[in-house]
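Residue strings, one per chain:
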Protein chains: 2
Amino acid sequence: MPDFEVTPYDVEGNVNYSELAKKFGITELDDVMRERIFRAAGDSHFLIRRGIYFAHREMGWLLDRYEKGEKFYVYTGIAPSGSMHIAHLLPFTIAKWLQDRFDAEVYIQIPDEEKFLVKKNKTLEEIHDLAIDDARNIAALGFNPKKTKFYFDIGNAGFMYKQAVRVAKHITFSTIKDAFGFTNETNIGAIFYTSMQAVGTFIKSVEDGKNVPCLIPMGVDQDVHFRIARDVVDKLGYYKPATIENIFMPGLKGQQKMSASDPDNTIYLNDDEETVERKANRALTGQQATAELQKKHGGNPDRCAVCQYYRFFFEPDDKKLERIFEAERKGTMLAGEHKKHFADTVNRFLKEHGKKKEAIKDIEKFFLST
Amino acid sequence: MPDFEVTPYDVEGNVNYSELAKKFGITELDDVMRERIFRAAGDSHFLIRRGIYFAHREMGWLLDRYEKGEKFYVYTGIAPSGSMHIAHLLPFTIAKWLQDRFDAEVYIQIPDEEKFLVKKNKTLEEIHDLAIDDARNIAALGFNPKKTKFYFDIGNAGFMYKQAVRVAKHITFSTIKDAFGFTNETNIGAIFYTSMQAVGTFIKSVEDGKNVPCLIPMGVDQDVHFRIARDVVDKLGYYKPATIENIFMPGLKGQQKMSASDPDNTIYLNDDEETVERKANRALTGQQATAELQKKHGGNPDRCAVCQYYRFFFEPDDKKLERIFEAERKGTMLAGEHKKHFADTVNRFLKEHGKKKEAIKDIEKFFLST
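Conventions adopted
Residues numbered from 1 in each chain as written. Chains lettered and ligands numbered in written order. Predicted model: local features only at pLDDT ≥ 70, side-chain atom pairs only at ≥ 80, totals over all residues. Heavy atoms only, no water. Pairing = 2+ DSSP bridges. Helix = DSSP H or I, 4+ residues; strand = E, 2+ residues; numbered from the N terminus. Domains from an automatic or database assignment. Contact = heavy atoms within 4.5 Å. Buried area = accessible area lost by both parts, 1.4 Å probe. Salt bridge = Lys/Arg side-chain N within 4 Å of Asp/Glu carboxyl O. Polar contact = N/O pair within 3.5 Å; in protein donor to acceptor, adjacent residues only side chain to side chain. Disulfide = S-S within 2.5 Å. Buried < 20%, exposed > 50% of the residue type's maximum accessible area, 1.4 Å probe, protein only. Core = buried A, V, L, I, M, F, W, Y, C linked by side-chain atoms within 4.5 Å. Axes fitted to C-alpha atoms, helices over the stretch in contact; angles between N-to-C directions. Parallel < 35°, antiparallel > 145°, perpendicular 65-115°, else oblique. Left-handed = near helix turned anticlockwise from the far one by under 90°. Nonpolar A, V, L, I, M, F, W, Y, C, P; charged D, E, K, R; others polar. Patch = residues over 30% accessible without salt bridge, like charges linked within 9 Å, V, L, I, M, F, W, Y side chains within 5 Å. Areas by Shrake-Rupley, 256 points an atom, 1.4 Å probe, with all protein chains shown as cover. Lys, Arg positive; Asp, Glu negative; His and termini not counted. Charge placed at Lys NZ, Arg CZ, Asp CG, Glu CD. Right-handed = clockwise from strand over helix to strand, strands pointing away.

## What to know about the sheet that holds strand β6 (residues 106–110) of chain B
All names here are of chain B. What the seven strands build is an open sheet, ordered β3-β4-β9-β8-β5-β6-β7; its pairing is mixed. Looking at the sheet topology across the chains shown, the edges are occupied by β3 (27–28) and β7 (148–152). In this structure, strand β4 (residues 53–57) lies alongside strand β9 (residues 242–246), joined through four bridges in antiparallel fashion. Bridge assignment links R57 to a residue of β9, and that residue is T243.

## Observations regarding the domain arrangement of chain A
All names here are of chain A. Structurally, chain A comprises domain 1 (4–248) and domain 2 (263–358). A separation of 29 Å is found between the C-alpha centroids of domain 1 and domain 2. Counting from both sides, the interface comprises 20 residues of domain 1 and, opposite them, 20 residues of domain 2. A combined buried area of about 1,800 Å² lies between domain 1 and domain 2, and 61% of that area is made up of carbon and sulfur atoms.

## Some remarks on the interface of chain A and chain B
How big an interface is tends to be reported as the loss of accessible area on association of its parts. At the junction of the two partners, chain A supplies 35 residues and chain B supplies 35 residues. Interface area, chain A with chain B, both sides summed: about 2,900 Å², of which 68% is carbon and sulfur. Interface area lost by chain A to chain B is led by Y161, K169 and I188 of chain A, which between them contribute 27%. Connecting chain A to chain B are two salt bridges. At the boundary of chain A with chain B, the tally comes to 18 residue pairs in polar contact (both at pLDDT 80 or more).

## Re the state of the cysteines
Throughout the structure, instances matching the rule amount to zero disulfides over all chains. Looking at the unpaired C304 of chain A, the closest cysteine sulfur is the one in C307 of chain A, lying at 3.4 Å.

## Notes on the environment of M59 of chain B
With respect to the element layout, M59 of chain B can be found in helix α4 (residues 59–67). Under the relative-accessibility criterion, M59 of chain B is labelled buried at 3%.

## Topic: the nonpolar core
In this structure, Y161, I176 and I191 of chain A together with Y161, I176 and I191 of chain B are the most contacted members of the largest nonpolar core, which totals 90 residues. Those residues in contact with I191 of chain B that lie beyond four places of it in its chain are F173, I188 and I191 of chain A together with F173, I176, F182 and T186 of chain B.

## Considering the packing of helix α7 (residues 124–139) of chain B against helix α17 (residues 335–359) of chain B
Residue and element names in this part refer to chain B. Axis separation between α7 and α17 bottoms out at 8 Å; the angle between their running directions is 110°. On the basis of the axis angle, α7 is roughly perpendicular to α17. Here the hand of the crossing between α7 and α17 comes out right-handed. In this structure, α7 contributes D133, R136 and N137 to the contact, and α17 contributes H353, K357 and E358. Classifying every residue of the contact of α7 with α17 by side-chain character gives no nonpolar, two polar and four charged.

## Thoughts on a negative patch on the surface
All names here are of chain A. Taken together, D272, E273, E274 and E277 make up a surface patch of like negative charges. For E274, the position within the fold is in helix α13 (residues 273–282). By relative accessible area, which is 63% here, E274 ends up exposed.

## Brief notes about the pairing of strand β5 (residues 73–77) of chain B
Residues and elements named next belong to chain B. The element β5 is extensively covered by neighbouring structure, given that four of its five residues are classed as buried. Examined bridge by bridge, β5 and strand β8 (residues 214–219) share two bridges and lie parallel to one another. Across the sheet, Y73 pairs through a bridge with C214, a residue of β8. Relative to β6, β5 runs parallel, the two sharing four bridges. Paired with V74 across the strands is V106, a residue of β6. Traced from β5 through helix α5 (residues 89–102) to β6, the parallel crossover comes out right-handed.

What follows is the structure, encoded as structure tokens:
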């Protein structure tokens, strides 16, 4: 028995990522593969350098093809359920980089039914509004509208349902029951849903009428969708998708995964300045119990949520990040200052992000038209 | 244990329709209800007079509302799997009569994915072509294009998927597993499908933005879809649909249900004259083993497939039907003549039907536009 469990709908226990990689059949990124990615990109990325993207499937195959001139597209997505938080941005941050560095088209699924089916408290109309807001938040990261297509399961069902039906024919309830932690009491919409998520793995091949390699950046909790989809798309005659998968962004209070159940545990993109300051003040640091002890013994950045937020998102520069870690480690920056600096950094980002979001006047230009 | 089983996907054992009605919770039509229907219609219909439509749900409720000025719409459908056969026409024959006599709008679902999901041998493209052909066959029965809307699950998924998702949320795998004879090895598309079929029960209420009563004429084998749907649509705030349900049309060789597995057991709408003659010649009659015995003892029209085909479809006039039955009973019409007359009748119908089908130049005018 494993002492942890990871599905798209639940994370239990303390996740050991090496064991998880073995269990899921994904390969941990090593220096050789990281270097190969960076060489092909002509650039490196902090989320990969720092092991936040920690594992992959078939990146070697994808880069072989890329180096022979066969371009890949990127597929990722987000299921709207409330305001987006910082952890949601990880796959989009990498997707944007892949678009810039590999000239990759990016397909972004915004399933506007998933949370309706697996949760209780939102109407389809509310989720639709959240979906449009999510699209604006994502577009604000700087995606090229000419090379980016957002699509919705309901909003694009005229295209999606047919493709999902092709997938669904090859997936039995047995296959998904354990994979997703479903029971006989799960509703039949949630049971069908993985077919909709699988469509992204071959959506561009359908559009182009020929096989196009697909790379999926995602949180490792989504892996099961694509373990199942890989078998199916192979039967449909498409390439199996490559994936690159990130570990969970910790909660501000130190939990292993950000969670929407405690709003103070995460930074939302619509948090105002005071909210951010409050959350920063309540955040867990890796410091000693008193300023005196901290000055004497120093703290532990690995156990400091604030340090980890710089590492995961807010400080892309490795040297600057190391200075923050060093100050924490040596006790030269006390908790109050640390948190103040963090709150300022987050608020600067959110303000800037809000401006970019505001500047997007025509979000529909990003939408898949079929 | 019942000694028969009826689901949309399988009929086993000898069906006792009274027991089936009890099992399904439907009410057998009696003279009082038949008279009430005919009075409201200002007309009677042979399929109801003859007990071929044998049971119903809430016809009383529907007619109460109708008599108070609240019009109902009719929903029925057919899942394309091959050429349509005569038994397929029963619900459409009644639907057309309901349109004419109650000024009812008719919504006809042509699920262009169901047989793809539950059978193995057809592509979605083949089913699409069959779906269009089915639409033409149905339209040829004389439906009023201004009051008739054909819709497809894939072809109208832009509308349908959202509504099906609303339904699906309220149906668990447990609920449908036994109801449809499904197992854990059933594919997740087939599992989801009943949600798409349920949409017809409230489709006009969605379109009109207010509750509109719905009447569903159908083969009794489809009843389970609506036993399940009735609970759900009630939760969604719509009226539960009324139904009127027909017994199975027997096979030409005497089986209790026409089946596509033996083509000689059914009359297809695209059968040519020789095929019809061959099928008529091979059909089961209720006659004695020899002409001599038949002249002496007479036959049994209840066991004569040819007589039953007149009863179910080809002879709407009760007096003429009685003459055919009488001739069979008294031995005044021998098998050869009986079959010849039947083949001529069928061929006349098919020729006429083919002409009407040919005359439909713009089938799209019948299609739901959303």
